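# Chains, contacts and geometry: an overview
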Amino acid sequence: MPYTTGALYNPPAGTSHIDRIQISCLNDSIIVAININLQIFHFLGSNFSRVAVGESLFQVNPQQLVVQTFSVNAANYYEAQINFYSAVNTIVNVFAMDAAGTIIGQILQPELTYIDRLTIINT
């Protein structure tokens, strides 16, 4: 099922500026591996053009936690799109961090918005 954080504001400077996001992906199943696809976007410039900056497709084994980190330092806004292919035992959370690694925001799985599909990234 694909989800998005939506476009999230990244203040240009100060104590609330986000340097990177970490996406934690936990497989709570005791027998079935899951596949996860992450896509990260920046929105830049005066017209906030969407720019794909990262994509990761990986497997999470039963009872395993996988954490992926993406830079959003240059973004005016950023977005994470996540698809975990109908896996029922999947918990995905997004943490916003400053340059020192301090968590300054989080989006828990129930706060993600369902979308009909991930955005197509031209390769």
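Residues numbered from 1 in each chain as written. Predicted model: local features only at pLDDT ≥ 70, side-chain atom pairs only at ≥ 80, totals over all residues. Heavy atoms only, no water.

Under the counting rule described, the total for this entry stands at four aromatic pairs. Ring centres of Y3 and F84 lie 5.7 Å apart, and the angle between their planes is 15°; this geometry places the pair in the stacked category. One end of the pair, Y3, is in strand β1 (residues 2-4); the other, F84, is in the loop between β7 (77-83) and β8 (90-97), with 81 residues separating them in the sequence. A single burial state applies to Y3 and to F84, both of which are buried. Judged by centre distance (5.8 Å) and plane angle (75°), the rings of Y3 and Y114 are edge-to-face. Note that Y3 is positioned in strand β1 and Y114 in strand β10 (residues 113-114), a separation of 111 residues in sequence. (Phe/Tyr/Trp six-rings, centres within 6.5 Å; stacked < 30°, edge-to-face > 60°. Helix = DSSP H or I, 4+ residues; strand = E, 2+ residues; numbered from the N terminus. Buried < 20%, exposed > 50% of the residue type's maximum accessible area, 1.4 Å probe, protein only.)

Side chains of nonpolar character tend, in soluble globular proteins, to be buried together. Counting 25 residues, the largest nonpolar core has I21, I23, I36 and I82 as the members making the most contacts within it. Secondary-structure elements contributing two or more residues to this core are β3 (20-27), β4 (34-44), β5 (49-60), β6 (65-71), β7 and β8. Looking at which element gives the most residues to this core, the answer is β4, with four residues. Once residues within four sequence positions are removed from consideration, I23 is found in contact with L38, I40, V66, V67, Q68, F70, A80, I82, V92, N93 and V94. (Core = buried A, V, L, I, M, F, W, Y, C linked by side-chain atoms within 4.5 Å. Contact = heavy atoms within 4.5 Å.)

All right, on to the environment of Q109 then. Structurally, Q109 can be placed in the loop between β9 (103-107) and β10. Among the residues examined, Q109 registers a relative accessible area of 23% and is labelled partly exposed. The spatial distance from the C-alpha of Q109 to the C-alpha of N93 is 5.3 Å, given a sequence separation of 16 residues. The residues contacting Q109, other than those within four sequence positions of it, are F84, T90, I91, V92 and N93. Among the polar contacts made by the side chain of Q109, one reaches the main-chain amide nitrogen of V92 at a distance of 2.5 Å. (Polar contact = N/O pair within 3.5 Å; in protein donor to acceptor, adjacent residues only side chain to side chain.)

On to a nonpolar patch on the surface, then. Side chains of L26, L65, V67 and I91 sit close together on the surface and give an oily, nonpolar patch of about 300 Å² of accessible area. With respect to the element layout, V67 can be found in strand β6. (Patch = residues over 30% accessible without salt bridge, like charges linked within 9 Å, V, L, I, M, F, W, Y side chains within 5 Å. Areas by Shrake-Rupley, 256 points an atom, 1.4 Å probe, with all protein chains shown as cover. Salt bridge = Lys/Arg side-chain N within 4 Å of Asp/Glu carboxyl O.)

Here we take up the side chain of D98. Looking at the secondary structure, you find D98 in the loop between β8 and β9. Side-chain polar atoms of D98 contact the backbone nitrogen of A100, separated by 3.0 Å. Those residues within four positions of D98 in sequence are excluded, and the remaining contacts are H17, D19, R20 and I104.

Another point: the sheet that holds β9. Taken in spatial order, the four strands make up an open sheet running β6-β3-β8-β9, and their pairing is antiparallel. Two strands close off the open sheet at either side, each with one partner strand: β6 and β9. Shown here is a sheet whose adjacent strand axes are inclined to one another by a mean of 20°, direction ignored. Alignment of β3 against β6, held across seven bridges, turns out to be antiparallel. Among the inter-strand pairings, C25 is bridged to a residue of β6, identified as V66. (Pairing = 2+ DSSP bridges. Axes fitted to C-alpha atoms, helices over the stretch in contact; angles between N-to-C directions.)

It is worth stressing that arrangement in space is one thing and function is another; only the former is reported here.
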